[in-house]
Amino acid sequence: MSELLKAGEHAPDFTLSSHAGAAAGDAEDKVTLSELRGKNVVLVFYPADWSAVCGDQLTLYNEILPVIEKLDAELFGISVDGVFCHQAFRESRGYKMTLLSDFEPKGEVAKKYGVYRDGDGFSERALFVIDKEGVIRYSYVSPIGINPGANEILQSLREIQAAENGKGEQANA
């Protein structure tokens, strides 16, 4: 595993297929990080669809998705599972967030972020909060069997929002 990217570093760009393509019968529906500039982004790397801890973690994020969106952010789940697996997992759980497939080449994006487990063939359980300019504001790797929760995600997004509000107030002064 390469080194975890830290706060202050630029988030590496990527393009990944989403579950939405599977739903439409077209595995070519893509999400490109750089196209999301101007919006805060939360990346949730998780080991695998259908595992208990991953399911609990994504269920929590699904429940607070309206809060994340209110903080002007979009959340993406990323694992090495394929788009059709993501679509089935998403439908069965009623998730509203977009799930991205880091399937081929396997783990390429997780490797860029320093969270791929070479010996296991899947990613760490890792969180990244990226601001509107593409800078990582928060990164964390949780022990693989522990749901990291959402407190730090929400705190980071609130800090970004407070900084943006402060800039606006300074510009108006």
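All residue numbers refer to positions counted from 1 along the written sequence of the respective chain. In view of the model being predicted, local features appear only for residues whose pLDDT reaches at least 70, and side-chain atom pairs are presented and counted only at 80 or more, with totals across whole chains, interfaces and linings using the full set of residues. Only hydrogens and water are set aside; all other atoms, that is, all heavy atoms of the structure, feed into the side-chain values.

**Concerning empty space enclosed by the protein**
Cavities and pockets are found on a 1 Å grid laid over the protein atoms alone: a cavity is a set of points where a 1.4 Å probe fits but cannot escape, a pocket is an open set with protein on both sides within 12 Å along at least five of seven lines, and a lining residue has an atom within 4 Å of such a point. Grid points are joined across faces, edges and corners, and a volume is the space filled by probe spheres set on the points. The full count for this structure, using the stated rule, is 1 cavity of 30 Å³ or more. Within this model, the largest cavity holds a volume of roughly 30 Å³. Looking at the largest cavity, the residues that line it are Leu33, Leu36, Arg37, Lys39, Val41, Ile130, Asp131, Lys132 and Gly134. Looking at side-chain class alone, the lining of the largest cavity contains 4 nonpolar, 1 polar and 4 charged residues. Residue polarity follows a fixed list, in which Ala, Val, Leu, Ile, Met, Phe, Trp, Tyr, Cys and Pro are nonpolar, Asp, Glu, Lys and Arg are charged, and the others, Gly among them, are polar.

**Points about the sheet that holds strand E5 (residues 98–101)**
Between any two strands, pairing holds if DSSP finds at least two bridges. Secondary structure elements are taken from DSSP: a helix is a run of H or I of four residues or more, a strand is a run of E of two residues or more, and numbering for both begins at the N terminus. Here we have 7 strands laid out as an open sheet, ordered E2-E1-E5-E4-E3-E8-E9, and mixed in their pairing. Only two strands of the sheet have a single partner each, and these edge strands are strand E2 (30–32) and strand E9 (136–142). When strand polarity is set aside, the average angle formed by the axes of neighbouring strands in this sheet is 30 degrees. Direction of pairing for strand E3 (residues 40–45) relative to strand E8 (residues 125–130): antiparallel, over a ladder of 5 bridges. By the bridge assignment for E8, Leu43 is matched with Phe128. Contacts: residue pairs with any heavy atoms within 4.5 Å of one another. Where helices are involved, their axes are fitted lines through C-alpha atoms of the stretch in contact, as for all axes, and angles between N-to-C directions lie from 0 to 180°. Helix H3 (residues 83–93) rests against strand E1 (15–18), strand E4 (73–79) and E5 of the sheet, and its axis sits at about 155 degrees to E5.

**Considering the packing of aromatic side chains**
Each aromatic pair joins two rings of Phe, Tyr and Trp (for Trp, the six-membered one) with centres within 6.5 Å, and gets the label stacked for planes under 30 degrees apart, edge-to-face for over 60, and tilted for any other angle. Tallying each qualifying case throughout the model produces 7 aromatic pairs. For the ring pair Tyr138 and Tyr140, a centre distance of 6.5 Å and an interplane angle of 20 degrees mean the geometry is stacked. Tyr138 sits in the buried class, given a relative accessible area of 15%. Taken together, the aromatic side chains of Phe14, Phe45, Tyr113 and Phe128 make up a single cluster linked through ring pairs. Here Lys111 stacks its cationic end above the ring of Tyr116, 4.9 Å away from the centre of that ring. When a residue's accessible area, from a 1.4 Å probe over protein chains only, is under 20% of the maximum for its type it is buried; when over 50% it is exposed; and in between it is partly exposed. Note on criteria: charge over ring means Lys NZ or Arg CZ within 6 Å of the ring centre, with the direction from the centre no more than 35 degrees off the ring normal.

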